[in-house]
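Secondary and tertiary structure notes
Listed below, chain by chain, are the residues.
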Amino acid sequence: MPLSYAEFMRRAVTITIIAALVVGVIFIALRVLPILVIGFLCWIIAQGLSIPVNRLRQWGIGRGLAVLITLIGLVVILALFIRLLLPPLVQQINNLLVALPDAAAFLVEWYNDFRASSEVTASLLPEFTMADYENLFSEEGSLASVDLGGTLRALFPVLLNVGGFL
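Before going into details, it helps to say that this report is about the structure given with it. (Residues numbered from 1 in each chain as written. Predicted model: local features only at pLDDT ≥ 70, side-chain atom pairs only at ≥ 80, totals over all residues. Heavy atoms only, no water.)

It is worth spelling out the overall build of the protein chain at this point. In terms of regular secondary structure, the protein chain is built from five helices and zero strands. Moving toward the C terminus, one meets the helices and strands of the protein chain in the order α-α-α-α-α. Burial status across the protein chain gives 7% buried among its 166 residues. Put simply, of all contacts in the protein chain between residues at least 6 apart along the chain, 29% involve residues at least 24 apart. Of the accessible surface of the protein chain, which amounts to about 13700 Å², a share of 73% is contributed by carbon and sulfur atoms. (Helix = DSSP H or I, 4+ residues; strand = E, 2+ residues; numbered from the N terminus. Buried < 20%, exposed > 50% of the residue type's maximum accessible area, 1.4 Å probe, protein only. Contact = heavy atoms within 4.5 Å. Areas by Shrake-Rupley, 256 points an atom, 1.4 Å probe, with all protein chains shown as cover.)

Now the structure itself:
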């Protein structure tokens, strides 16, 4: 049975409105997603901090004092992390970055030895020299062009936003 013009228009308008609403909801969700992620992170932090606060309250300490003790403990833990663990971590990362070229040279040499070990591997595997390795990282967009300082500077405002939200 064919649809009447009025029924066709009603269905077409309904489908158009539903499609527009779906697109609008997706657009709004994508715009609100960073806020929701920060809110979820703050909820996780609040739940984690409520554990020591509740434990202190069970020991008979008032809520305000328990929150203050918990926040002071958190600041002390962060300060100890920054003072004791962060410098060795940065030094080890620097040592790793210094050792990477030697490790890469060793891997290229090992690959060439493995490739030359038999005729089958020589025919199947392409030749790869140290010059090929250096050319691999000299192109734009390579791993060598990653700016760690710039990445940390870009991350810092995000951390400030999380702190501000808290």
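With that settled, the discussion passes to the pattern of salt bridges. Pairing is possible between side chains that carry opposite charge, provided their charged atoms lie close to one another. Counted under the stated rule, the structure contains two salt bridges. For arginine 10, the salt bridge is made with glutamate 7, and the minimal N-O distance between the two is 2.6 Å. Pair noted here: arginine 10 and glutamate 7 are both in helix α1 (residues 5-58), with a separation of three residues, about one helical turn. A salt bridge links arginine 11 to glutamate 7; the nearest nitrogen and oxygen atoms lie 3.0 Å apart. With arginine 11 and glutamate 7 both in helix α1 and four residues apart, this pair spans about one turn of that helix. (Salt bridge = Lys/Arg side-chain N within 4 Å of Asp/Glu carboxyl O.)

It is worth spelling out the side chain of threonine 70 at this point. Relative to the elements of secondary structure, threonine 70 occurs in helix α2 (residues 63-116). At 2.8 Å, the side chain of threonine 70 forms a polar contact with the backbone oxygen of alanine 66. Those residues in contact with threonine 70 that lie beyond four places of it in its chain are Leu49, Pro52, Val53 and Leu56. (Polar contact = N/O pair within 3.5 Å; in protein donor to acceptor, adjacent residues only side chain to side chain.)

Turning our attention to α2. Its maximal kink placed at leucine 85, α2 deviates by approximately 40°, while the proline proline 87 follows within four residues. For α2, every residue scored as buried is listed here: Ala66, Thr70, Ala104, Val108 and Tyr111. (Bend = angle between axes of the 7 residues up to and from the residue.)

Mapped onto the elements, phenylalanine 106 comes out in helix α2. C-alpha of phenylalanine 106 to C-alpha of methionine 130: the two residues are 24 residues apart in sequence and 9.8 Å apart in space.

Moving on, we come to α1. Every α-helix winds through 3.6 residues per turn, so residues three or four apart in the chain are directed the same way. Most pronounced at valine 32, the bend in α1 amounts to some 45°, and the proline proline 34 follows within four residues. What α1 keeps buried is the set Cys42, Val53 and Leu56. Phi turns positive one or two residues past the end of α1, at glycine 60, with a value near 95°.

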